[in-house]
Amino acid sequence: MTSIHRQFWSKKEEFLDPSNGIPPDVTFVIEDNNADQAQEVKAHKMFLAVASPVFRKMFYGSAKDTRDVIPVKETTKEAFETMINFIYETDIDWETKSIVELFYLANMAKKYLIDEMIECVQNVLATMPLSLDTVVETAETAEEFNQFEETSEALLDHCAMFLKSQLTTASSCFKFAAQYSDTDMNLTTLKLLGKIADLEEEELKIEMEKEKELKKCPAGHPLMLDTVQRGRWRCNSKLPSCNCFPKYALYASTIRYRCLTCDFDNCEPCYKT
């Protein structure tokens, strides 16, 4: 790629400036029911087509749309304009976006198959600051946008993980649920608490699977890798294939797996047999 090409693709945002000399060749009219009048967003077909297969088909496919003005429904100007800015790689202040705006952006990204933007929005939602005062309201908003299943679930999981870190006892869970028992957010609160239970169950399953993978001493205790350097020691394995018990003393440099409860030792070859 020549320096001219690099400069062209690395400075796409400059083409949004009307004084650039290369005017946009498509205008989108945002038909927002909450706005007093239709609002326009201008862009260049080529940049949009490179970023989105939907735009590529729209502008350059066999049944291409030859209109210079294209209506857009079921979104806001802010959301559509942010998507255009994302394509042009302009700086976007994600921290100032509300949850509702982020869901509108997720909708735009999914509609136009811009995977990088979908991932970006989900990352913003997954790291959104929460508090005990805002977590249920945030989850309620996620429920309102459950038609965007993947994005909605990502935000609900984020809320549940936060609550799990805050509600560490059964009594704190009951107390938290009681706060919302007589409100419109009661069902959302119960769903979050249910998700906490699901998370704990999943963590328990993972721990149990890890436990199964661990080898045990004759008493049934798990053998753990001992990283502490000690003096000479003997492997306690009595496997027929074992050549080190009881004949040989092993040195501290030999990898040792040991039971911390009953002081049973295994050398690495015997542990992996």
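Residues numbered from 1 in each chain as written. Predicted model: local features only at pLDDT ≥ 70, side-chain atom pairs only at ≥ 80, totals over all residues. Heavy atoms only, no water.

## Section: the overall build of the chain
- Secondary structure summary: the chain contains eleven helices and six strands in total.
- In summary, the chain has a C-alpha radius of gyration of 30 Å against a globular reference of 19 Å for 273 residues, an excess of more than 25%.
- With respect to the principal axes defined by its C-alpha atoms, the chain has extents near 90 × 65 × 30 Å.
- Looking at the chain residue by residue over its 273 residues, the buried ones come to 37%.
- Taking contacts inside the chain between residues at least 6 apart in sequence as the whole, the part at least 24 apart equals 61%.
- Accessible surface computed for the chain: about 17100 Å², of which carbon and sulfur atoms make up 52%. (Helix = DSSP H or I, 4+ residues; strand = E, 2+ residues; numbered from the N terminus. Rg over C-alpha atoms; globule rule 2.2 N^0.38 Å. Buried < 20%, exposed > 50% of the residue type's maximum accessible area, 1.4 Å probe, protein only. Contact = heavy atoms within 4.5 Å. Areas by Shrake-Rupley, 256 points an atom, 1.4 Å probe, with all protein chains shown as cover.)

## Section: helix H3 (residues 53-60)
- Of the residues making up H3, those classed as buried are Phe55, Met58 and Phe59. Take H3 and look down its axis: the buried residues cluster within an arc of 85 degrees, on one side only.
- Contacts made by the buried residues of H3 are with strand E1 (26-31), helix H2 (45-51), strand E3 (69-73) and helix H4 (77-87).
- Backbone nitrogen of valine 54 and a side-chain oxygen of the N-cap are separated by 3.1 Å at the start of H3; the cap is serine 52. (Arc of directions from axis to C-beta. Polar contact = N/O pair within 3.5 Å; in protein donor to acceptor, adjacent residues only side chain to side chain.)

## Description of the sheet that holds strand E6 (residues 265-267)
- The three strands are arranged E4-E5-E6 in an open sheet whose pairing can be described as antiparallel. Edge positions in the open sheet fall to strand E4 (224-226) and E6, since each of these has one partner strand only. Strand-to-strand twist in this sheet, taken as the mean axis angle between neighbours without regard to direction, amounts to 40 degrees.
- Across three bridges, strand E5 (residues 256-258) lies against E6 in antiparallel orientation. Its bridge partner lying in E6, tyrosine 257 is registered against asparagine 266. (Pairing = 2+ DSSP bridges. Axes fitted to C-alpha atoms, helices over the stretch in contact; angles between N-to-C directions.)

## A short note on the sheet that holds strand E2 (residues 39-43)
- The mixed open sheet is built from three strands, whose spatial order is E2-E1-E3. Since the sheet does not close on itself, it has two edges, and those belong to E2 and E3, each with one partner. With direction set aside, neighbouring strand axes in the sheet form an average angle of 30 degrees.
- Across the sheet, H4 touches E1, E2 and E3, and the angle it forms with E2 is around 5 degrees.

## Some details on a nonpolar patch on the surface
- Among the surface-exposed residues, Met46, Val50 and Tyr60 lie close enough to one another that they form a single nonpolar patch of about 300 Å² accessible area.
- Tracing the backbone through its elements, the reader meets tyrosine 60 in helix H3.
- A relative accessible area of 49% places tyrosine 60 in the partly exposed class. (Patch = residues over 30% accessible without salt bridge, like charges linked within 9 Å, V, L, I, M, F, W, Y side chains within 5 Å. Salt bridge = Lys/Arg side-chain N within 4 Å of Asp/Glu carboxyl O.)

## Regarding empty space enclosed by the protein
- This model, assessed by the stated rule, comprises one cavity of 30 Å³ or more.
- Taken as a whole, the largest cavity spans an internal volume of roughly 40 Å³.
- Lining the largest cavity are Thr76, Glu78, Ala79, Thr82, Lys97, Glu101, Tyr104 and Leu105.
- Among the elements of the structure, H4 and helix H5 (99-111) are those that each provide at least two residues to the lining of the largest cavity.
- Of the residues belonging to the lining of the largest cavity, the class tally is three nonpolar, two polar and three charged. (1 Å grid on protein atoms, 1.4 Å probe; cavity = no way out; pocket = protein on both sides within 12 Å on 5 of 7 lines; lining within 4 Å. Points joined across faces, edges and corners; volume = space filled by probe spheres on them. Nonpolar A, V, L, I, M, F, W, Y, C, P; charged D, E, K, R; others polar.)

## Overview of the packing of helix H6 (residues 115-126) against helix H8 (residues 149-166)
- Their axes nearest at 9 Å, the elements H6 and H8 cross at an angle of 20 degrees. Looking at the two axes, H6 sits roughly parallel to H8. The element H6 and its partner H8 pack so that their crossing is right-handed. Here H6 contributes Gln122, Leu125 and Ala126 to the contact with H8, which in turn contributes Glu150, Thr151, Leu155 and His158.
- Counted by class, the contact of H6 with H8 contains three nonpolar, three polar and one charged residues. (Parallel < 35°, antiparallel > 145°, perpendicular 65-115°, else oblique. Left-handed = near helix turned anticlockwise from the far one by under 90°.)

## Observations regarding unusual backbone geometry
- Even without glycine at this site, glutamate 74 takes up a positive phi of about 60 degrees.
- Within the fold, glutamate 74 resides in the loop between E3 and H4.
- Of the residues examined, glutamate 74 reaches a relative accessible area of 68% and is grouped as exposed.

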